[in-house]
Amino acid sequence: MTAAKESFYLTTPIYYVNAAPHLGTAYTTIAADAMARYRRQCGYDVLFLTGLDEHGQKVQAAANAAGRDPQDWVDALAVDFREVWRQLNISYDRFIRTTDADHTAVVRALAQKLYDSGDIYKGSYHGWYCLPDETYWAPNDLEGTPQGAADGTEGADGADSADSATGDRVPLCPDCHRPLTWVEEENYFFRLSAYQDWLLDYCEAHPDFIGPETRRNEVLSFVRGGLKDLSISRANVDWGIPLPWDESHTMYVWFDALINYITAAGYAQPGREEEFAHRWPAQIHYVGKDIIRFHCVIWPALLHAAGLPIPERVFAHGFLLTRGEKMSKSKGNATRPLDLVERFGVDGYRYYFLRDVSFGQDGNISDEAMVQRYNGDLANDWGNLVSRLFNMVGKYRDGRVPDYGGDMTADAAEGAVLRDVACGLYDRVRACYDRLDYAGALTEVWELVKAANRYLEESAPWTLAKIASGGTDGGEQDARAAALRLSQVLYSALEAVRIVALYTAAVMPATADEVCARLGLAPASAIDNLAELSAWGLLPAGNEVRVGDPLFPRLEK
Ligand code: MSP
């Protein structure tokens, strides 16, 4: 921990360990990773947390179905998750598992605190439960959805009275449309209802807490509809954290899971008090739109009850859809991330999802669109710029960054345009990242890629090289002027490439670092002073420029 730097703490949801990661879970993780990398480049002390939600009935059921002990099962899948994140170049700082000893201790400590303060009490629960979603559904959530004529309502909590039982008809989950299970047992409850007014006031006073706007409205109307106390324990689920004051109950998996965010920041851990003060509250919780209520209703209420500050922002992204349907393991339409990495490369993969899907909305993804983005933006615009420019530097300037004589103002008008695009980029890109607009940030950077390509076309280095070598009728003076201009043009274009590498490193770290290496520079993904380093004219003359293999070999459709 570097206390002098400002903290930027961001999290992904912790994923259920019922199967290996798919494109949906990888999507959140990649988006968070790009933000973590970008903030590190900007000089923040970043804590990027991801991990696994290992307890609960759903994971236990998956382990049972596989004939495995739950701990062995989660241990094995944890290896698979880490391996996928390694291949996708995910730069997490901690990979938390809810079976970790520090986490179990924090969950118990927090539960005890809330029990002692009277925020947790014993009651009885009977109602419908969705096992795959580990979600309690209140009767009013199920209205109009008997036997699964689902209305698309998403996620919910809330324990309630038994009048939700509809004889022997089993309603389907309004979210995932699978049959619900009737649960009747003595449970411990969290006094969520007591925090309704506080939460509404809080959201009012902190308009940025929930994003995007549509999700904020959805949460507000849900809260206004009335909050019910939440069952936070299960009497017959073994695979969970026992309550400290009543070991016959295990903690409801969502209660256990949400707390991971403060465990990793150091909450209630002797010796980590200062760190916790530095890290908490988090800057962003990334979540999918299906789990917004857990993060924007239950979580803030729990934190407030425990006397802790609320995270700055919860941002919900949309679903990845294939042919209009949510991609999920249970629907059998989930693609394995590594299949796409093999085809598009890790950076081609990362770029596509952040560029083509507008973050916060659902996004249809398809192979054709992916090939189109890859060939158009990456192979043609960016890859080609680097390869033809570096080849020209090899041919006309012995593979070294030319010394243009130091006077950039002597460059012609097109050069000035290129510089202008580059110079305004820092603020424009930052504004996009501040609103989690990845596609916007990449579009801004592409303005520079395109401007550099145009610049080469317009200033035609190949013609300048010909004049410089005396291969035309112009005199010696013309040749000297053309040689100087050729150096300026190549320098300016190389400088644009260096700056593009810096700005693309958050999304495409491997390629950006490779471009820097070919320019004899330190890796773009390791910098912590983007504002200074993205200033124009910092590329040292004389550096060797290596051509290398194409960055993004063209794909056949
Ligand atoms: N374990 C809980 C989260 C606890 S966080 C304290 C959970 N896990 S999950 O594995 O089911 O889902 C994790 C995330 O993956 C959710 O944010 C969900 O929205 C996201 N995705 C799952 N399928 C998705 C798509 N098809 N598209 C985009 N993201 C989706 O919920």
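Residues numbered from 1 in each chain as written. Predicted model: local features only at pLDDT ≥ 70, side-chain atom pairs only at ≥ 80, totals over all residues. Heavy atoms only, no water.

Chemist: I would appreciate a short explanation of helix α11 (residues 292-305) in the present structure.
Modeler: Side chains that are three or four residues apart share a direction in an α-helix, a result of its 3.6 residues per turn. The end-to-end C-alpha distance of α11, which contains 14 residues, comes to 19 Å, matching closely the 20 Å that a straight helix rising 1.5 Å per residue would cover. Residue W299 marks the point of greatest curvature in α11, where the axis turns by about 30°; the proline P300 follows within four residues. Most of α11 is tucked away, with 13 of its 14 residues classed as buried. Trailing α11 by a residue or two, G307 shows a phi angle of about 75°, which is positive. (Helix = DSSP H or I, 4+ residues; strand = E, 2+ residues; numbered from the N terminus. Expected span 1.5 Å × (residues − 1). Bend = angle between axes of the 7 residues up to and from the residue. Buried < 20%, exposed > 50% of the residue type's maximum accessible area, 1.4 Å probe, protein only.)

Chemist: Is there a simple way to think about the sheet that holds strand β11 (residues 246-251) in this case?
Modeler: Whenever strands of a sheet pair, they do so through backbone hydrogen bonds, lying parallel or antiparallel. If you trace the three strands from one edge of the open sheet to the other, you get β9-β11-β10, paired in antiparallel fashion. One side of each edge strand has no neighbouring strand; the edge strands of this open sheet are β9 (233-234) and β10 (242-243). Pairing between β10 and β11: two bridges, direction antiparallel. Across the sheet, L243 pairs through a bridge with D246, a residue of β11. (Pairing = 2+ DSSP bridges.)

Chemist: How do you make sense of the pairing of strand β1 (residues 7-16) when you look at a structure like this?
Modeler: A regular strand places its side chains so that they alternate between the two faces of the sheet. Most of β1 is tucked away, with ten of its ten residues classed as buried. Judged from the eight bridges that link them, β1 and strand β2 (residues 45-53) form a sheet pairing that is parallel. Looking across to β2, one finds that T11 is bridged to L49. A crossover connection joins β1 to the parallel β2 through helix α1 (residues 23-41); in handedness this β-α-β unit is right-handed. Sheet topology note: the β1/strand β12 (residues 284-288) ladder contains two bridges and is parallel. Bridge pairing in β12 links L10 to I284. (Right-handed = clockwise from strand over helix to strand, strands pointing away.)

Chemist: How should I be thinking about the site of the ligand in this particular structure?
Modeler: Taken together, 23 residues are adjacent to the ligand, and I14, D53, G288, D290 and M327 come closest. G24 places a main-chain nitrogen or oxygen 3.5 Å from a nitrogen atom of the ligand. Here G288 contributes a backbone N or O atom positioned 2.8 Å from an oxygen atom of the ligand. Surface burial for the ligand is 94%, taken as the share of its 680 Å² of free accessible area covered by protein chains. Where the shell around the ligand is concerned, the elements lending two or more residues are β1, α1, α8 (253-258) and β12. The greatest single-element share of the shell around the ligand, amounting to four residues, is contributed by β1. Residues belonging to the shell around the ligand are distributed by class as follows: 13 nonpolar, seven polar and three charged. (Near = heavy atom within 4 Å. Polar contact = N/O pair within 3.5 Å; in protein donor to acceptor, adjacent residues only side chain to side chain. Areas by Shrake-Rupley, 256 points an atom, 1.4 Å probe, with all protein chains shown as cover. Nonpolar A, V, L, I, M, F, W, Y, C, P; charged D, E, K, R; others polar.)

Chemist: Would you explain empty space enclosed by the protein in this entry?
Modeler: Within this structure, the stated rule accounts for one cavity of 30 Å³ or more. Of the voids in this model, the largest cavity is the one considered here, and its volume is about 60 Å³. Together, G56, Q57, Y129, E134, R234, V237, W239, G240, T250, M251, Y252 and V253 line the largest cavity. (1 Å grid on protein atoms, 1.4 Å probe; cavity = no way out; pocket = protein on both sides within 12 Å on 5 of 7 lines; lining within 4 Å. Points joined across faces, edges and corners; volume = space filled by probe spheres on them.)

Chemist: Sorry, what's going on with the layout of surface pockets here?
Modeler: Using a probe with the size of a water molecule, rolled over the atoms, empty space left in the structure can be pinpointed. Roughly 300 Å³ of volume is contained in the second largest pocket. Taken together, 14 residues line the second largest pocket, and the ones lying closest to its centre are T322, R323, I365, S366 and D367. Residue assignment for the lining of the second largest pocket shows that the elements contributing at least two residues are α12 (337-356) and α13 (367-397). For the lining of the second largest pocket, the element with the highest residue contribution is α13, accounting for three residues. Residue composition of the lining of the second largest pocket, grouped by class: six nonpolar, five polar and three charged. Shared between two domains, the lining of the second largest pocket takes at least three residues from each, and those domains are domain 1 (7-113 + 233-338) and domain 2 (366-533). (Domains from an automatic or database assignment.)

Chemist: Would you explain the domain arrangement of the protein in this entry?
Modeler: The extent of an interface is frequently quoted as the accessible surface area lost upon association of the parts. Each assigned domain of the protein is listed with its residue range as follows: domain 1 (7-113 + 233-338) and domain 2 (366-533). Each of domain 1 and domain 2 was reduced to a C-alpha centroid, and the two centroids are 40 Å apart. Opposite the 17 residues of domain 1 that make contact, domain 2 presents 19 residues. With both chains or domains summed, domain 1 and domain 2 bury close to 1500 Å², and 56% of this area falls on carbon and sulfur atoms. Contact with domain 2 buries area across many residues of domain 1, yet R37, Y38 and Q41 alone supply 45% of it, more than any other trio. The salt bridge partner of R39 is D434, with a shortest N-O separation of 2.9 Å. Sorting the residues of the side of domain 1 that touches domain 2 by element identifies α1 and β12 as the ones contributing at least two each. (Contact = heavy atoms within 4.5 Å. Buried area = accessible area lost by both parts, 1.4 Å probe. Salt bridge = Lys/Arg side-chain N within 4 Å of Asp/Glu carboxyl O.)

Chemist: Can you walk me through the packing of α12 against α13 in this structure?
Modeler: When two helices pack together, their arrangement is captured by the angle between the axes and the distance separating the axes. Taken N-terminus to C-terminus, the directions of α12 and α13 make an angle of 90°; their axes are 9 Å apart at the nearest point. Regarding the angle of α12 to α13, the classification is roughly perpendicular. In contact with L340, R343, F344, G348, Y349, Y351, Y352, F353, R355 and D356 of α12, α13 contributes D367, A369, M370, V371, R373, Y374, D377 and L378. Grouping the amino acids of the contact of α12 with α13 by side-chain chemistry returns eleven nonpolar, one polar and six charged. (Axes fitted to C-alpha atoms, helices over the stretch in contact; angles between N-to-C directions. Parallel < 35°, antiparallel > 145°, perpendicular 65-115°, else oblique.)

Chemist: Help me understand the pattern of salt bridges in this model?
Modeler: Two side chains bearing opposite charge may form a pair once their charged atoms approach each other closely. Enumeration according to the criterion identifies 27 salt bridges in this entry. Between D102 and R94 there is a salt bridge whose closest N-O contact spans 2.8 Å. Among the ionic pairs, D367 bridges to R343, the shortest N-O distance being 2.6 Å. Taken as a pair, D367 in helix α13 and R343 in helix α12 lie far apart in primary sequence, 24 residues in all. Owing to a relative accessible area of 34%, D367 belongs among the partly exposed residues under this scheme. Here the salt bridges share partners, and the residues they tie into one network are D33, R37 and R350.

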